[in-house]
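Take a look at the letters that make up each chain.
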Amino acid sequence: MDIISKYFPELSEEQRKMFAALDGLYRDWNSKINVISRKDIDNLYEHHVLHSLAIAKTVKFRPGTRVLDLGTGGGFPGIPLAILFPETHFKLIDGTGKKILVVKEVAKAIGLSNCEAEHMRGENEDGKFDFVVSRAVMPLPDLAKLVKKNIGKTQRNALPNGLICLKGGNISEEIKPFKHVVDVTDLGTMFDEEWFKQKYIIYLPL
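Rules of the game
Residues numbered from 1 in each chain as written. Predicted model: local features only at pLDDT ≥ 70, side-chain atom pairs only at ≥ 80, totals over all residues. Heavy atoms only, no water. Pairing = 2+ DSSP bridges. Helix = DSSP H or I, 4+ residues; strand = E, 2+ residues; numbered from the N terminus. Axes fitted to C-alpha atoms, helices over the stretch in contact; angles between N-to-C directions. Contact = heavy atoms within 4.5 Å. Buried < 20%, exposed > 50% of the residue type's maximum accessible area, 1.4 Å probe, protein only. Right-handed = clockwise from strand over helix to strand, strands pointing away.

Caption draft 1: Highlighting the sheet that holds strand β3 (residues 115-119). Read across the open sheet, the 7 strands follow the order β3-β2-β1-β4-β5-β7-β6; overall the sheet is mixed. A strand with exactly one partner marks an edge of an open sheet, and here the two such strands are β3 and β6 (183-186). Averaged over neighbouring strand pairs, the angle between their axes works out to 20 degrees when direction is ignored. Taken together, the 3 bridges between strand β1 (residues 66-70) and strand β4 (residues 131-135) define a ladder with parallel strand orientation. Each bridged residue has a counterpart across the sheet, and for Asp 69 the counterpart in β4 is Val 133. Sheet contacts for helix α5 (residues 97-110): β2 (89-94) and β3; angle to β3, the most-contacted strand, approximately 160 degrees. Strands in contact with helix α6 (residues 140-147) are β1, β4, β5 (162-168) and β7 (199-205); relative to β5, the strand with the most contacts, it is inclined by about 155 degrees.

Caption draft 2: View of the pairing of β4. Across the 5 residues that make up β4, a large majority, 5, are buried. Neither face of β4 is left uncovered, since the one carrying Phe 131, Val 133 and Arg 135 and the one carrying Val 132 and Ser 134 both have all their residues buried. Pairing of β4 with β5, which is carried by 5 bridges, proceeds in the parallel orientation. Bridge pairing in β5 links Val 133 to Ile 164. Handedness of the crossover joining β4 and β5 through α6: right-handed.

Okay, here's the thing in structure tokens:
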């Protein structure tokens, strides 16, 4: 939890409590339904929560913003972002029902009222959102094609509506079709920890 306070010192007491509760909740649920690798559960805050919050270093969602978390898995990046932006509405979807069950239960347990979770594939989501966020769900060209239908026209934020995704490794081929419009930031420039090297946040206006 200290690592979250290090990069987000302005958290309210309520937000701190919500973030602190995630450790016990995910350990408990992970023993029943594997949503985080067993080896990785001890790194929950660095590898999952802080990684998700990298998006908040790219855009500060304004009140009333609508965000779709596509392929949320166990609730990342959606749940950490929903804690950080209580006046933004988040919809978290995943094609695996068991994972959505965990998301719903975690959100309920911490009293998160600005997010909804639904068992659904991205192809079937027809709602309109300001941003779609995701963590390593599929190659960028496929993802962009899939979510273009979900990006609304109304602009509420300083950053134009579009897709924000977290990826690692060699991304040069993925971003090639968008090289004139895509914005790539190395997470190693945001966070000091070694784990963030060669991990990226990709923003693509749509």
